[in-house]
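# Results of the structural survey
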Amino acid sequence: MQFRPLWKPAAMCGLLFFAVCLAPCQFTGYGGGLLLAKETDWPWPPPGESQKIEISRDTLVSTVGGERIGSNGVAGRLKVKGQQEYVLFDIDSKALKGKIIAGALLHLRSDSPDRAPLGRVGVSTLSSRWREGRSSHYLSEVGSSCFEQAFYRHQNWTVPGSTLMEACFGRGQTIWKFADCSAPDEQNWQTCAVEPDVVAARVAGLSHGFVLADEIGQEWACPEGVFEYTWLPNRHFKSTESWNSAPWLQVWTKGADHEPPEGITGLEVVTRGLKAGEALIGWRTPRDLGGGSTLGYRVRVRSKDHEVEVPKYQIPMAGEPGQEVWMHLRDLRFSGGEEVEVSIAPVDSAGNTGAALSRKITLAREKQLPDLPVVQEFCQQTPKTTTDLPQVGGVNVSVIDVLDKMDPISGNVIPEKSSGYMTENHLFSGKRKQIHLFSASNEMIHFQIVFNRQEGGASDARIECNFAQAEGIRTRFYDCRPVKIGSSGNGLPYLPDPLTELQGDASISLKAKSVSSRGERFRSLLCEFYVPHKVSPGKKRVRSLFKPDMRGLSSNLS
């Protein structure tokens, strides 16, 4: 038989197969590309002896709606369908232990040979345990495998929230390739090549089985110039429940390999920037000595309290000899900063395990808050007088909380405050001319700057205020405009309510005619500080400038 080569996964993107047929003109295409039946010098069958390996279990899982939790372990036929349905299957690999696998063919009996035979399929390793189950027709079964979970209601495929696709086809430290199937024969049997390393990974215990996928999806044809389009056809084939029609794997082996790989000689450990209890561990792929190739690794982690086998979805497959690989150790319930012993053993393609390298490492610690200087809040000790307040052109400057409401005539604050609140409070010290603010990164913090026009002071004062920027800290100002809320006899006829954003430097007028309330003496600006993501932790000092006399008021932002 003539076999087309296994294409690398990268060929899936943009590679078009083209066929030119003589008249009468007729094309058949897969997913927008044309299929070329091309001669190749790739040797087939592979060298060595072949043997039949039975498929021991299989099931169908679906990504669609309620079928996502359904099981088909005892269905008489299975199917693959684009990105919607996948087949899991497994073999008993004991007969292949210690042998060098040269090639493999998957034999499937099509149950839709005329409507939708198998075209191009991918076969992947599987990095999670799974269970066939005893259901069919997408009925959910607790403990059996479905698309959502490896063991429904008991165990995820990998991390919480994962699906099957996190444990196959390149995700979860898996390997895969795809190939074109042969056309159905007279008994509707079709064959598809399987990458030897995909089979070897199962023999070596580096995989829990296989996942089969349809790599075509949509089809189109143009018989006699009439365009026909088929959306995700159902490609059915018989399951292991179908006796003489059950699928099977033909495997070619060439010689034996009983020599383990060389040992791993060194580890590199990185914990900086990782979550508590995690570590990045790197090492170089050792050579295999027995004729096969180093394929993967087994890893165990032991602390003084318990020992765990690292799940396969965390352990990298091997590279070429000398190539560096990395493992992200996580989700193993070890504590931050805990010292553990990591044991890594290389495994070759015939299932031989090399000597394990053991090393004690310290996992990432709990992230510590930076050692910041303590900023004491201002607190009122004794009633302060207005002589402690900074002045600008006969106008006293004070700072109050963003939630305070102030009567623009009397200066009374809601909620009611103790004597001296305007001079010194939890944010502000008039005597020191300082404001203390506390913030995390990516937060906005606010306060009000209050201007109190004094008797004898400028009746037409115009106050301008700005804050110098520090490490990207940004400020905005809003004018708190007074509105009438009652009659003059009720004590609070006006209160500041709407906020008007001021463009550029803050500037407000204290002219009596510029406001709606007669006798207004108090006016406030709402100041908004934004602390960006990348600002460094620590104490920041920002100065404000008030015109017309340019006196400074410092702001300590921690």
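Each remark here, short or long, concerns the structure printed above.
What comes next concerns the included structure.

## Let's talk about the pattern of salt bridges
As enumerated under the stated definition, the model contains 21 salt bridges in all. For the salt bridge of R235 with E219, the shortest nitrogen-to-oxygen distance reads 3.0 Å. Taken as a pair, R235 in strand 13 (residues 235-238) and E219 in strand 11 (residues 219-222) lie far apart in primary sequence, 16 residues in all. Measuring nitrogen to oxygen at the nearest pair gives 3.0 Å for the salt bridge that ties R300 to E307. Through salt bridges with shared partners, a single network forms among R57, D90 and R202.

## Structural notes on the packing of aromatic side chains
On inspection of all chains with the given rule, the structure shows seven aromatic pairs. Geometrically, the ring pair formed by F169 and W176 is edge-to-face, given 5.2 Å between the ring centres and 70 degrees between the ring planes. With a relative accessible area of 15%, F169 lands in the buried category. Considering the side-chain rings of F227 and Y229, the 6.4 Å spacing of their centres and the 20 degrees angle between planes classify their relative orientation as stacked. When its relative accessible area of 54% is taken as the criterion, F227 is described as exposed. Residue classification places Y229 among the partly exposed positions, given a relative accessible area of 46%. Site record: aromatic cluster; members linked through ring pairs are F169, W176 and F178. We note K52 situated over the ring of W248; from NZ or CZ to the ring centre the distance is 4.8 Å. R57 extends its terminal NZ or CZ atom over the ring of W130, reaching a point 3.9 Å from the ring centre.

## Some details on unusual backbone geometry
The omega torsion of the bond from I414 to P415 falls at 0 degrees, within 30 degrees of zero and hence cis. Within the fold, P415 resides in the loop between strand 25 (413-414) and strand 26 (428-429). Unlike most non-glycine residues, R153 shows phi in positive territory, near 70 degrees. Looking at where R153 falls in the secondary structure, it is placed in the loop between strand 7 (120-125) and strand 8 (176-180).

## Looking at the side chain of D348
Mapped onto the fold, D348 is located in strand 20 (residues 339-348). Look at D348: it is buried, it has no salt bridge, and the nearest opposite charge is K97 at 7.1 Å. Apart from the residues within four sequence positions on either side, D348 is in contact with A204, D257, E259, P260, P261, D288, S293, T294 and L295.

## Remarks on helix 1 (residues 196-203)
Structurally, the α-helix is built with 3.6 residues per turn, so residues lying three or four positions apart point the same way. Across the eight residues that make up helix 1, a large majority, seven, are buried. By the burial criterion, the buried members of helix 1 are P196, V198, V199, A200, A201, R202 and V203.

## A look at the side chain of T174
Along the polypeptide, T174 turns up in the loop between strand 7 and strand 8. Assessed through its relative accessible area of 9%, T174 is described here as buried. There is a polar contact of 3.3 Å between the side chain of T174 and the backbone nitrogen of F169. Once residues within four sequence positions are removed from consideration, T174 is found in contact with S124, T125, L126, S127, A167, C168 and F169.

## A few points about the sheet that holds strand 21 (residues 357-362)
In spatial order, the strands read 18-17-20-21; together these four strands make up an open sheet with antiparallel pairing. Every other strand in the sheet has two partners, leaving strand 18 (307-309) and strand 21 as the edge strands with one partner each. Between one strand axis and the next, the sheet turns through 25 degrees on average, direction left out of account. Pairing geometry for strand 17 (residues 294-302) and strand 20, over eight bridges, is antiparallel. Each residue of the ladder has a partner; that of T294, found in strand 20, is D348.

## Some details on the environment of S135
Tracing the backbone through its elements, the reader meets S135 in the loop between strand 7 and strand 8. With 61 residues separating them in the primary sequence, S135 and V74 have C-alpha atoms 5.8 Å apart. Beyond its immediate sequence surroundings of up to four residues, S135 is in contact with S71, N72, G73, V74, A75, S140 and E141. Only 2.9 Å separates the side chain of S135 from the side chain of E141, close enough to count as a polar contact.

## A few points about the pairing of strand 10 (residues 210-214)
Of all five residues that make up strand 10, five are buried, and the element is covered over most of its length. Going residue by residue along strand 10, you find F210, L212 and D214 tucked away on one face and V211 and A213 tucked away on the opposite face as well. Summarising the sheet, strand 5 (residues 85-91) and strand 10 pair through three bridges and their orientation is antiparallel. Note on strand 10: the bridge partner recorded for V87 is L212. Relative to strand 10, strand 7 runs antiparallel, the two sharing five bridges. Counted as the bridge partner of V121 is D214 from strand 10.

## Overview of the sheet that holds strand 19 (residues 324-329)
Read from one edge to the other, the open sheet built from three strands follows the order 15-16-19, with strand pairing classed as antiparallel. The open sheet terminates on both sides in strands that have one partner only, identified here as strand 15 (268-270) and strand 19. Averaged over neighbouring strand pairs, the angle between their axes works out to 20 degrees when direction is ignored. Sheet analysis places strand 16 (residues 279-284) next to strand 19, joined by six bridges and oriented antiparallel. Counterpart to W283 in the pairing with strand 19 is V325.

Rules and cut-offs
Residues numbered from 1 in each chain as written. Predicted model: local features only at pLDDT ≥ 70, side-chain atom pairs only at ≥ 80, totals over all residues. Heavy atoms only, no water. Salt bridge = Lys/Arg side-chain N within 4 Å of Asp/Glu carboxyl O. Helix = DSSP H or I, 4+ residues; strand = E, 2+ residues; numbered from the N terminus. Phe/Tyr/Trp six-rings, centres within 6.5 Å; stacked < 30°, edge-to-face > 60°. Buried < 20%, exposed > 50% of the residue type's maximum accessible area, 1.4 Å probe, protein only. Lys NZ or Arg CZ within 6 Å of the ring centre and 35° of its normal. Lys, Arg positive; Asp, Glu negative; His and termini not counted. Contact = heavy atoms within 4.5 Å. Polar contact = N/O pair within 3.5 Å; in protein donor to acceptor, adjacent residues only side chain to side chain. Pairing = 2+ DSSP bridges. Axes fitted to C-alpha atoms, helices over the stretch in contact; angles between N-to-C directions.

Remember that the coordinates give geometry; whether it matters functionally is a separate question.
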